[in-house]
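# Summary of the model geometry
Listed here are the chains, written in short residue letters.
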Amino acid sequence: TPAASKGVLWALFLLFPFGIAILAAIAIPAYQDFLVRSQVAEGMVLADGAKTAMTVYYEGHHALPTDNASAGLAQSSSISGRYVSSVDVTGGVVTVAFDTTNSNRSIRYQTLVFLPVVSNDKISWNCSNASTVPARDLPISCRK
């Protein structure tokens, strides 16, 4: 009986790394998108405090606060996180800046802007129109 060809053994041996490479090519971009969205989510969480303070201010004064101090918030640079450098209230608009070195390149130096929409003495928030964060990285509640 003839001996088994060594080419079959090598083909089977090389098939495993090839399969791993295909899986990595699919998984790595998906994971990077997940990381960017989680960084943007940090900005959403930090902005929630400012949005709540603005709602309380509006209920008491029937006007939007002009800055962080009038909204009862700390300085904009004091409201920060690992990926967020500041949360700023200016003219009734909440702006979240991603200017830290830890933030992903696709959102670094970008902003997530929350515009208040007052209707029937209730405030709702629009965050897709004025934001410079790429649309694919915005949270689902901000996409239109």
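Structure: above.
These lines cover the structure that appears in this document, whether it is placed above or below. (Residues numbered from 1 in each chain as written. Predicted model: local features only at pLDDT ≥ 70, side-chain atom pairs only at ≥ 80, totals over all residues. Heavy atoms only, no water.)

### Structural notes on the pairing of strand 1 (residues 86–90)
Sheet topology note: the strand 1/strand 2 (residues 93–98) ladder contains five bridges and is antiparallel. Looking across to strand 2, one finds that S86 is bridged to A97. In this structure, the hairpin formed by strand 1 and strand 2 is closed by a connection of two residues, where G91 is found at a positive phi of approximately 60°. (Pairing = 2+ DSSP bridges. Helix = DSSP H or I, 4+ residues; strand = E, 2+ residues; numbered from the N terminus.)

### Describing the nonpolar core
Within soluble globular proteins, side chains that are nonpolar generally end up buried alongside one another. Counting residues in hydrophobic clusters, the biggest one holds 20 residues, and the most contacted among them are V87, V94, V96, F98, L112, F114 and V133. When residues of this core are traced back to their parent elements, those giving at least two are helix 1 (6–61), strand 1, strand 2 and strand 3 (110–119). Examining the composition of this core, we find that six residues originate from one element, helix 1, more than from any other. (Core = buried A, V, L, I, M, F, W, Y, C linked by side-chain atoms within 4.5 Å. Buried < 20%, exposed > 50% of the residue type's maximum accessible area, 1.4 Å probe, protein only.)

### With respect to unusual backbone geometry
For Y109, which is not glycine, the phi torsion reads 70° and is therefore positive. The phi dihedral of D121 falls on the positive side, at around 60°, and the residue is not glycine. Along the chain, D121 turns up in the loop between strand 3 and strand 4 (122–126). Residue D121 is classed as exposed on the basis of its relative accessible area, which comes to 52%.

### A closer look at the pattern of salt bridges
For the structure on display, the rule yields two salt bridges. A salt bridge links D48 to K51, with the shortest nitrogen-to-oxygen separation between them at 3.4 Å. Placement of both D48 and K51 in helix 1 is noted, with a separation of three residues, approximately one turn of the helix. Overall, the relative accessible area of 13% leaves K51 in the buried class. With a closest N to O distance of 3.1 Å, D137 and R136 form a salt bridge. Overall, R136 belongs to the partly exposed group, its relative accessible area being 48%. (Salt bridge = Lys/Arg side-chain N within 4 Å of Asp/Glu carboxyl O.)

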